[in-house]
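Okay, here's what each chain looks like letter by letter:
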Amino acid sequence: LQLDDLVTAQTALESLLNAGYGLATNVSDLYGGANSGLVLSPVETIFGIPYSATDGSNIAFFFSDQPDGGRDEVRFSGSLSAAFEAGDERAGSLVNPSSGIARISKYTQAGTGDDDVYVFRYADVLLMLAEVYAKQDDARASGLINQVRDRAGLPDVMLNSGNVNTLIPRERFVEFFAEG
């Protein structure tokens, strides 16, 4: 896709459509809660890195508030919060579940580091394939981006070669912030 080899990208991405992956039912199922760390979705994860308290990651440590055991170093800017449309359920991962403070809160286990980390999710396949189709003016593009948007509680959009370079990057920005 990065090389604009749409035929090869389409073949590779379409092979993942029937490989047993799917979207998690709810966006909230993808991230950690106040008392539990992020656990990789068995439905949506194509590639992820599992961590434990014994073999932890530091990602939550940098995102979390100091009262929650983090360093409070990585905060989001106004451009991230402004990118979410009204009603976008993904915006819920911008509020720390234990403190209620506006922070990136996909990862919640600053003290133990046992938040798993997504590297490649099925939503990424859908958005990349939507981009491939849109660049070829294939009507299937809208259905793919709208699967991701529907899960986030957003209305459908029409995706085509005229707006693909606006809609796909925006959708990727709000779907995958602080991941990969």
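Remember, predicted model here, so these are calculated numbers, not experimental data.

What counts, and at which threshold
Per chain, residue numbering runs from 1 following the sequence as it is written. In view of the model being predicted, local features appear only for residues whose pLDDT reaches at least 70, and side-chain atom pairs are presented and counted only at 80 or more, with totals across whole chains, interfaces and linings using the full set of residues. With hydrogens and water stripped out, all remaining heavy atoms of the structure feed into the side-chain values. Put simply, buried Ala, Val, Leu, Ile, Met, Phe, Trp, Tyr and Cys residues joined by side-chain atoms within 4.5 Å make one nonpolar core. The buried label applies to any residue whose accessible area, calculated with a 1.4 Å probe on protein chains only, is under 20% of its type's maximum; exposed applies above 50%, and partly exposed to all values in between. Each helix is a run of DSSP H or I of at least 4 residues and each strand a run of E of at least 2, with the numbering of both proceeding from the N terminus. Two residues qualify as a contact provided that any one of their heavy atoms is within 4.5 Å of a heavy atom in the partner residue. Only one rule defines a salt bridge in this text: a Lys or Arg side-chain nitrogen within 4 Å of an Asp or Glu carboxyl oxygen. The span one expects for a helix is its residue count, reduced by one, times 1.5 Å. Working definition: rings of Phe, Tyr and Trp (its six-membered ring) pair if their centres are within 6.5 Å, and the pair is stacked with planes under 30 degrees apart, edge-to-face with planes over 60 apart, and tilted otherwise. Between the N-to-C directions of two axes lies an angle of 0 to 180 degrees, each axis being a line fitted to C-alpha atoms and, for a helix, fitted only over the stretch in contact. For classification purposes, angles smaller than 35 degrees are called roughly parallel, those larger than 145 roughly antiparallel, those between 65 and 115 roughly perpendicular, and all remaining angles oblique.

Q: Explanation requested: the nonpolar core in the structure shown.
A: Soluble globular proteins tend to bury their nonpolar side chains together. Ranked by size, the top nonpolar core spans 24 residues in total, and within it Ile145, Leu159 and Ile168 carry the most contacts. Tallying contributions element by element places helix H4 (residues 122-135) first for this core, with eleven residues. If near-sequence neighbours (up to four positions away) are discounted, Ile145 is found in contact with Leu127, Ala130, Val157, Leu159, Leu167, Ile168 and Glu171. Core analysis: the second largest hydrophobic core is formed by 19 residues, Val27, Ala60, Ala83 and Val174 among them.

Q: I tried to follow the pattern of salt bridges on my own but got confused; where do I start?
A: Should their charged atoms come close, side chains of opposite charge can pair. Summed over the entire model, instances satisfying the criterion amount to 17 salt bridges. Its salt-bridge partner being Lys106, residue Glu179 comes within 2.7 Å of it at the nearest N-O pair. A residue pair is termed long-range when its members are at least 10 positions apart, and Glu179 in the segment after helix H6 (164-176) and Lys106 in the loop between helix H3 (78-83) and strand E2 (117-121) qualify at 73 residues. For the pair formed by Glu179 and Lys106, the shared burial category is buried. Residues Arg149 and Glu171 are paired through a salt bridge, measuring 3.1 Å at the closest nitrogen-oxygen approach. Highlighted residues: Arg149 in helix H5 (residues 140-151) and Glu171 in helix H6, separated in sequence by 22 residues. Here Arg149 and Glu171 have matching classes, each one buried.

Q: Quick question: what am I supposed to make of H6 here?
A: Three- or four-residue spacings in an α-helix give side chains the same orientation, since the helix completes a turn every 3.6 residues. In this model, H6 (13 residues) spans 17 Å end to end at C-alpha, consistent with the 18 Å of a helix rising 1.5 Å per residue. Remark: Ala178 follows H6 within two positions and exhibits a positive phi of approximately 65°.

Q: Even after reading the chapter, I still don't get the packing of aromatic side chains, so can you show me in this structure?
A: Centre distance and the angle of the planes are the two values used to describe a pair of aromatic rings. Counted according to the given criterion, the structure contains two aromatic pairs. Here the aromatic rings of Phe61 and Phe62 are separated by 5.5 Å at their centres, their planes lie at 75°, and the arrangement is edge-to-face. Looking at Phe61, the relative accessible area reads 25%, which means it is partly exposed. Between the aromatic rings of Phe84 and Phe177, the centroid separation amounts to 5.7 Å while the plane-to-plane angle is 90°, which identifies the pairing as edge-to-face.

Q: What should I look at first to understand H5 in this one?
A: Between its first and last C-alpha atoms H5 spans 18 Å; for twelve residues at 1.5 Å apiece the expected length is 16 Å, and the two agree. Those residues of H5 that are buried are in contact with E2, H4 and H6. Positive phi shows up at Gly153, right after H5, with a value of about 80°.

Q: Is there a simple way to think about the packing of H4 against H6 in this case?
A: Relative orientation of the contacting elements H4 and H6 amounts to 175°, with a least axis distance of 10 Å. Here H4 lies roughly antiparallel to H6, going by the angle between them. Across the interface between the two elements, Ala123, Asp124, Leu127, Met128, Ala130, Glu131, Ala134 and Lys135 from H4 touch Val164, Asn165, Ile168, Glu171, Arg172, Glu175 and Phe176 from H6.

All quantities given are derived from atomic positions and should not be read as evidence of function.
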